[in-house]
Structure formats: C-alpha cells, structure tokens
Amino acid sequence: MTQKQNTTSAMTSLEKRSIAGLSTIFALRMLGLFMILPVFSLTADQYSGATPILIGIAIGAYGLTQALLQIPFGMLSDRIGRKRVITIGLLLFAAGSIVAAMADSIYMVIAGRLLQGSGAIAAAIMALTADLTRDEHRTKAMASIGISIGLSFSVALAAGAALEHWVGLSGIFWSTAVLSLVGIAILHLWVPTPTRLISHRDIEPVPKQFLKVLRNPDIMRMVFSIMILHCLLTISFFALPIALLEHAGLPKDQHALAYLPILVLAFVAMVPFIIIAEKYRQMKPIFLGAIATLAIAELGWSQLSYSVSGMLFCLWLFFTAFNILEASLPSLMSKLSPLANKGTAMGIYSTAQFIGAFIGGASGGLIFSKLGMSGVFIAGAVLATIWLIVVLPMKQPKHLSTRIIHLQNVSSSNANDIAQQLNDIPGVIETVIVIEEFVAYVKFSPDDVDNEALDAFIAQAS
C-alpha cells in the first residue's frame, strides 16, 4: 500500500503551477526591494536633504514596515482570503515604488520605501502555497520559494547596477512598480484559487505561543542570527558601492559586470558546503565557519579598499557565506522548533529578518557619518564576531524530518492515545495532533525511525 501511495503522490500539474506562480511573485517583489542596494548610496545625493544617516534609513526603511505588518497581514489572510491580501500588498508596494520614483527629496524616498515595505505579503504567500499543495509536497514548495528568493537577490544586485546606469534611480523605482503589477497579473491569471482556507500550524503563527517561543534559547539564537545576517547585508551595501567607486576606482557603470560573476561563483561555492552540512551532518561547523567568513570579509573590506581585486575577493567570501547562512537558517529553525510552535517561531524569525535590514541601513548611515567608510566595515566585523560568540554554545542539531499524517477518526477523546501510539514508534521524537485539521504532525529521525511501523500506522489511520 505504501508503494502505491508513493507512485500516486507525485506533484500534480496544478501544484506545479501554483508553486511556479507564487515563487515568481515572491521573486519579483524581492527583486524590487533589493535593486537599489548596489547603487543607492552612490547616487542618493541627488535628493534634497540627503545626509548619510537619511540615505541609510532610506535603504533599510522597508524592513521596519515589513517587520511590523508581516504577522498581521498573515492573520488577515485567514479572514479575508489570501489572494485579496496579496493583491493589497502588491498594490501598496507599487504605490510606494511610485512615490519613490517621483521623489525629489530624501524624505519622500523614505516615505516610498516605508510604503513599499507595508505590502508585507510573505506570510500570505506561504499560507497560499500550503493551501494549494498537499502536505507531502510542502517542503518542496517552500524550498522552491527559498531558491527563488536567493536567485532574485543575485539578479537584483547585477540588474540594479545596470538599470541605474541606463534609467537612473527613478527608473529603478518605476521598474519595481511595474514588477508588482506583473505579480498581480500572475496571481489572478495563473495561480489557482483555493477552495477553502486552512490554518496551517506549521506555517502560521499562533499569538498565544509568542512568549513560549521567545523563551526558547535555541530558537532565539536562530532569530538573532537572521536579524544580524540581514543587518550585515544592508550595513555593508551602504559602504561597499562607495568603496568600489571612490577608493578602488571601479567606474560605476562597471559595477554590474563585477557583481554578476562574483555572485555566480559564490552560488557555486555554496553548494558543496550545504551538501556537507546536510548529508554529512556537519551543520554546526559549517554554520560557524560561514559566520567567521563574514567577519573576515568585513575586515578585508576595511583594509583592502584601494584594491579592486581585494574588494571583489572579499565580496566573493561575503556572498558565499551569506548564501550558506541564508539557505541553512530555515533548515535549522525547522529542526530546532517544537512542532507545536513551528509556525509561530517562523513568524518571529521573518519579523527579525526585516528588523535587521532596517537596523543595518540606519546604523550604516550613522556609522559612516561618524567614523567613515572603514568604520562601517569594522562595525560589521565586530557585529559578526558578537554573532559568532552568541551562537557558539549551540548544540549540533539532530537530523530530523517532519511528516504530516491525515487522520480519519480523531477526536478529543482519542487524540492523546493516537499521539502516544506515534511516539512509541522507534525514531519518532515528537507528535502534535491538531483535531480541527484532522492531522498529526510527526517529527522523527530518518536514520532511526522504524519505517515499517510508521507506514503501517499511516495505512491504518487513512
């Protein structure tokens, strides 16, 4: 019976279509947010009132509204529908892009970036993805979205530098407005509409669980990690374009040509480390090594700012480490989060990511105005070192997987018995029964689980 289930549970064309469409929408939106990173600090002096501090705030402003509205927008999608919330979010993003495109003062750009960030649709997109895909394909679906984010970031850096040369900053903002409208078209013309909305315990936050998650030191190390990672990203890209232009002597119109091969090489270099971390169970040393590499890259930038080759080598180090961490952090969160709190933990994690982006942009401008460009990079190195010290006590995470089992006959009277039966199977670490969803969330060790006993239970339950 298990073999039959495996052969008939291949991803359907509808699921593939849903994942492709939602991954594209996510990628278009991230592309719009990140395209100004490689050029804004170089050209923002065209706006009246521009100062280093305000330029930094403009770079990271989107993170503030993203952080504040990410969880509320996700919850709103449960009430009024995923597509409606995503459409509103993309319209807000387009409106913010138009405000920034028409701005003649730095304050208007900041207002536009805040409005861009207010279209906080990440949680709603994740929930819609879960609505439109079966539970056994949820991991693949989320991985596809993660890959689209990584690729869009790489494309954004090269495309942003090229677009600024052709159409200027305002042209970049107009382009992001168009991209958001394309996203709306894809949402309504390509992505199917779910027949019903479901609350996904492993995807969506539960307000009552926030305090419990905040008290979990393992989870909070990962929350701190994603916050610092995106803080380092925005703080670095305040100073890096300036260093490449003014110190290393790399003409602005050649930045795109410099970024693209470095990003490709960094992506290629990341792959073996991710394989070592996951396949050979070396997650902790790879994780710590990547953080140390970020610190080395930041120190290198502070000391080698007059060398194009030195700066680009450090850029390769930075993005190799950044890609490793960006890929491994969600996996670590999944392994470390208790099943009952996983959605809430991921909500806090996403919020911290955007808070880090805001702090990095704002602090980058402040440090630059007080300590200069090398001061920004040294601050980045110090921040990475503090991060390394904070996560050093973390335990080597166990290699765990999660499975969602549909239950035909579950009620409050037998839920505990069902959970106990699953927990008694060798290799099962944790079980959470959600009666209203008629499912059991099971976390287990793939190396130790009794697959025959688990398959037998699934066959009996269904």
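Above this text sits the structure in question.
Residues numbered from 1 in each chain as written. Predicted model: local features only at pLDDT ≥ 70, side-chain atom pairs only at ≥ 80, totals over all residues. Heavy atoms only, no water.

### Regarding the overall build of the protein
- For the protein, the helix and strand inventory stands at 16 helices and 3 strands.
- Relative to the compact-globule value of 23 Å for 462 residues, the protein shows a C-alpha radius of gyration of 23 Å, a close match.
- Principal axes of the C-alpha set define a box for the protein whose edges measure 70 × 45 × 40 Å.
- Looking at the 462 residues of the protein, the share that counts as buried comes to 56%.
- With the model as given, the accessible surface of the protein reaches about 19100 Å², and the carbon-plus-sulfur share is 65%. (Helix = DSSP H or I, 4+ residues; strand = E, 2+ residues; numbered from the N terminus. Rg over C-alpha atoms; globule rule 2.2 N^0.38 Å. Buried < 20%, exposed > 50% of the residue type's maximum accessible area, 1.4 Å probe, protein only. Areas by Shrake-Rupley, 256 points an atom, 1.4 Å probe, with all protein chains shown as cover.)

### Concerning helix α11 (residues 255-279)
- Compared with an ideal rise of 1.5 Å per residue, which puts 25 residues at 36 Å, α11 spans 36 Å between its outermost C-alpha atoms and is within 8% of the ideal.
- Burial in α11 covers these residues: His255, Ala256, Ala258, Tyr259, Ile262, Leu263, Ala266, Ala269, Met270 and Ala277.
- Contacts from the buried residues of α11 go to α3 (40-43), α8 (138-189), α10 (217-247), α12 (283-303) and α13 (308-336).
- One or two steps after α11, the chain reaches arginine 281, where phi turns positive at roughly 55°. (Expected span 1.5 Å × (residues − 1). Contact = heavy atoms within 4.5 Å.)

### Let's talk about the pattern of salt bridges
- Under the definition given, this model contains 7 salt bridges.
- Notably, a salt bridge pairs arginine 134 with glutamate 15, separated by 2.9 Å at the nearest N-O pair. One end of the pair, arginine 134, is in the loop between α7 (122-132) and α8; the other, glutamate 15, is in helix α2 (residues 13-34), with 119 residues separating them in the sequence.
- What makes glutamate 15 buried here is its relative accessible area of 3%.
- In this structure, arginine 221 engages aspartate 218 in a salt bridge whose closest nitrogen and oxygen atoms are separated by 3.2 Å. Here the residue arginine 221 and the residue aspartate 218 both occupy positions in helix α10, the gap between them amounting to 3 residues, near one helical turn.
- Overall, the relative accessible area of 18% leaves arginine 221 in the buried class. (Salt bridge = Lys/Arg side-chain N within 4 Å of Asp/Glu carboxyl O.)

### Quick notes on the side chain of glutamine 116
- In this structure, glutamine 116 sits in helix α6 (residues 106-118).
- When its relative accessible area of 0% is taken as the criterion, glutamine 116 is described as buried.
- Ignoring any residue separated from it by four or fewer positions in sequence, one finds glutamine 116 in contact with Leu33, Gln66, Leu92, Phe93, Gly96, Ser97, Phe173 and Thr176.

### Details of the state of the cysteines
- Tallied over the full model, the rule gives 0 disulfides.
- The cysteine cysteine 231 is free of any disulfide, with cysteine 314 supplying the nearest cysteine sulfur at 19 Å.
- In this structure cysteine 231 comes out as buried when scored by relative accessible area, which is 5%.
- A relative accessible area of 3% means that cysteine 314 is categorised as buried. (Disulfide = S-S within 2.5 Å.)

### So, the sheet that holds strand β1 (residues 401-406)
- One open sheet accounts for 3 strands, arranged β1-β3-β2; its pairing is antiparallel. Only two strands of the sheet have a single partner each, and these edge strands are β1 and β2 (428-434). Within the sheet, the average angular offset between the axes of one strand and its neighbour, ignoring direction, is 20°.
- Here 6 bridges tie β1 to strand β3 (residues 439-444), and the two strands are oriented antiparallel to one another. (Pairing = 2+ DSSP bridges. Axes fitted to C-alpha atoms, helices over the stretch in contact; angles between N-to-C directions.)

### With respect to the packing of aromatic side chains
- With the rule as written, the count across this model stands at 15 aromatic pairs.
- For the pair tyrosine 62 and phenylalanine 354, a centre-to-centre distance of 6.5 Å together with 80° between the ring planes defines the contact as edge-to-face. Of this pair, tyrosine 62 sits in helix α4 (residues 52-80) while phenylalanine 354 sits in helix α14 (residues 342-391); the two residues are 292 residues apart in sequence, bridging distant segments of the chain.
- We classify tyrosine 62 as buried; its relative accessible area is 2%.
- The exposure class of phenylalanine 354 is buried, given its relative accessible area of 5%.
- Here the aromatic residues Phe34, Tyr62, Phe153, Phe237, Tyr259, Trp301, Phe318, Phe319, Phe322, Phe354 and Phe377 are joined through ring pairs into a cluster of three or more.
- It is arginine 17 that lies over the ring of tryptophan 190; its NZ or CZ is 5.1 Å from the centre. (Phe/Tyr/Trp six-rings, centres within 6.5 Å; stacked < 30°, edge-to-face > 60°. Lys NZ or Arg CZ within 6 Å of the ring centre and 35° of its normal.)

### Regarding the environment of leucine 317
- Tracing the backbone shows leucine 317 in helix α13.
- Along the chain, leucine 317 and alanine 295 lie 22 residues apart, while their C-alpha atoms are 9.8 Å from each other.
- The contact partners of leucine 317, leaving out residues within four places of it in the chain, are Thr293, Ile296 and Ala297.

### Regarding the environment of isoleucine 57
- Turning to its location among the elements, isoleucine 57 is positioned in helix α4.
- On a C-alpha basis, the gap between isoleucine 57 and threonine 139 in space is 35 Å, while along the polypeptide they are 82 residues apart.
- Beyond its immediate chain neighbours, meaning those up to four positions away, isoleucine 57 contacts Ile110, Gly361 and Ala362.

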